[in-house]
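Coordinate inspection notes
One letter stands for each residue in the lines below.
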Amino acid sequence: MFKIGEFSKLTQVSIRMLRYYDENNLLKPAKTDPFTGYRLYSVEQIPRLQKIIFLRDIGYTVAEIAIALKNWSGDFMADQLKKKQIEVRRELEEQQQKLRRIETALDSIKNKGTEIRYNFTIKQIPSYPVISLRRVIPDYFCEELLWQELTALINEQSSILPLTEQCFAVYHDNEYKEADVDVEVCVVIAREADVVEPLRFRMTESVEMMASTMVYGPYENISTAYCALAYWLTEHAGYKMKGINRQICHRGPWNEENPAHYLTEIQIELENN
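Residues numbered from 1 in each chain as written. Predicted model: local features only at pLDDT ≥ 70, side-chain atom pairs only at ≥ 80, totals over all residues. Heavy atoms only, no water.

Now for the packing of aromatic side chains. Going through the model one piece at a time under the given rule, you end up with seven aromatic pairs. Relative to Phe-168, the ring of Tyr-128 has its centre 6.2 Å away and its plane inclined at 50°; by these criteria the two rings are tilted. With a gap of 40 residues between them, Tyr-128 in the loop between strand E4 (121–125) and strand E5 (129–137) and Phe-168 in strand E6 (residues 163–171) connect regions that are remote in the sequence. For Phe-168, a relative accessible area of 4% corresponds to the buried category. With centroids separated by 5.2 Å and ring planes inclined at 20°, the aromatic side chains of Tyr-140 and Tyr-176 adopt a geometry described as stacked. Placement of Tyr-140 in the loop between E5 and helix H6 (143–157) and of Tyr-176 in the loop between E6 and strand E7 (181–189) is noted, with a sequence separation of 36 residues between them. Connected via pairs of aromatic rings, a cluster forms that spans Phe-120, Trp-232 and Tyr-239. (Phe/Tyr/Trp six-rings, centres within 6.5 Å; stacked < 30°, edge-to-face > 60°. Helix = DSSP H or I, 4+ residues; strand = E, 2+ residues; numbered from the N terminus. Buried < 20%, exposed > 50% of the residue type's maximum accessible area, 1.4 Å probe, protein only.)

So, in structure tokens, the structure goes:
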């Protein structure tokens, strides 16, 4: 048996935290001396303490740690850790997005007066036969997961669908939303095909006037492109926005490692003012 100070030194966990785990019923002392009241710990408790530290470090709350310790073996914990893995990856991506925005701002400050110019063209977009998957997703960062789901469902349902290399996302909301985003991801196919829900075959709507521009670099640049459209519309008073917008990723995470080399096409439907 080890006194709490000795156990603290051996496990590299502070006495304060050991007392905290005791108070929250995560790690009770193996024994308490009835005469001195000293907390005594055993070497057999080290694996449990290591699990507590691991779960704490990946963001588990006290309540979540207690549940995890009771269900450490079996599928429950494996499923929980997979969910946490997805959550951490999302958080990491959000932090990387923030870092890239900071780097972009620093470049802008260093190169004051140098401004990215977006050239907008107006073109007709025909109707396309597509296989699509439409869901309300938590936020725009989750779109990649939607593409992964679409790909998996297509592979499950048929390996001989007449797919093309064209694909795009349709944003059905009439505004920018911070949560609960209505997104449809579409893969253009050569002809009509039978699919099972949640996949859907449909013909997309043709668009007479679509403002289009190419965005180079990380996805953070997309917001700048939309702001540029606001200036463009001010200068071209004969047009106004209409309907929904689309986004085509020509180069992205699946075929380009460096976000600086991403290539995204933004399409916004217009009508005469």
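On to the packing of helix H1 (residues 4–11) against helix H2 (residues 15–23). When two helices pack together, their arrangement is captured by the angle between the axes and the distance separating the axes. Their axes nearest at 9 Å, the elements H1 and H2 cross at an angle of 110°. In this view, H1 runs roughly perpendicular relative to H2, as classed from their interaxial angle. On H2, the residues touching Ile-4, Gly-5, Phe-7 and Ser-8 of H1 are Ile-15, Leu-18 and Arg-19. Of the residues in the contact of H1 with H2, the class split is four nonpolar, two polar and one charged. (Axes fitted to C-alpha atoms, helices over the stretch in contact; angles between N-to-C directions. Parallel < 35°, antiparallel > 145°, perpendicular 65-115°, else oblique. Contact = heavy atoms within 4.5 Å. Nonpolar A, V, L, I, M, F, W, Y, C, P; charged D, E, K, R; others polar.)

A few words now on the nonpolar core. Among the nonpolar cores identified, the biggest contains 18 residues, and Val-13, Leu-18, Tyr-21, Leu-27, Leu-49, Ile-52 and Ile-65 are the most heavily contacted of them. When contributions to this core are tallied by element, the ones reaching two or more residues are H1, H2, helix H3 (46–57) and helix H4 (62–70). Counting residues per element, this core draws most heavily on H3, which supplies four residues. Apart from residues lying up to four places away in sequence, Leu-18 is in contact with Ile-4, Phe-7, Ser-8, Val-13, Leu-27, Tyr-41 and Leu-49. Core analysis: the next-biggest nonpolar cluster, separate from the first, contains 17 residues, Ile-137, Ile-154, Tyr-171 and Ala-193 among them. (Core = buried A, V, L, I, M, F, W, Y, C linked by side-chain atoms within 4.5 Å.)

What follows concerns the sheet that holds E5. Spatially, E4-E9-E11-E10-E6-E7-E5-E8 is the arrangement adopted by the eight strands of the open sheet, whose pairing is antiparallel. Both outer strands of the open sheet, E4 and strand E8 (200–203), are each paired with one neighbouring strand and no more. Sheet twist, expressed as the average angle between the axes of neighbouring strands with direction ignored, equals 35°. The sheet strands contacting H6 are E5, E6 and E7, and the helix crosses E5 at an angle near 135°. Packed on one face of the sheet, helix H7 (residues 221–235) meets E4, strand E9 (207–216), strand E10 (239–251) and strand E11 (263–272) and runs near 30° to E11. (Pairing = 2+ DSSP bridges.)

Turning our eyes to something else, we now look at unusual backbone geometry. The step from Glu-197 to Pro-198 runs through a cis peptide bond, and the omega angle for that step is 15°. Tracing the chain through its elements places Pro-198 in the loop between E7 and E8. Within the chain, Asn-25 stands out as a residue other than glycine whose phi angle is a positive 60°. Relative to the helices and strands, Asn-25 resides in the loop between H2 and strand E2 (31–32). By relative accessible area, which is 54% here, Asn-25 ends up exposed. Within the chain, Asp-180 stands out as a residue other than glycine whose phi angle is a positive 55°. Position of Asp-180 among the secondary structure elements: in the loop between E6 and E7. Relative accessible area serves as the criterion here: at 48%, Asp-180 is assigned to the partly exposed category.

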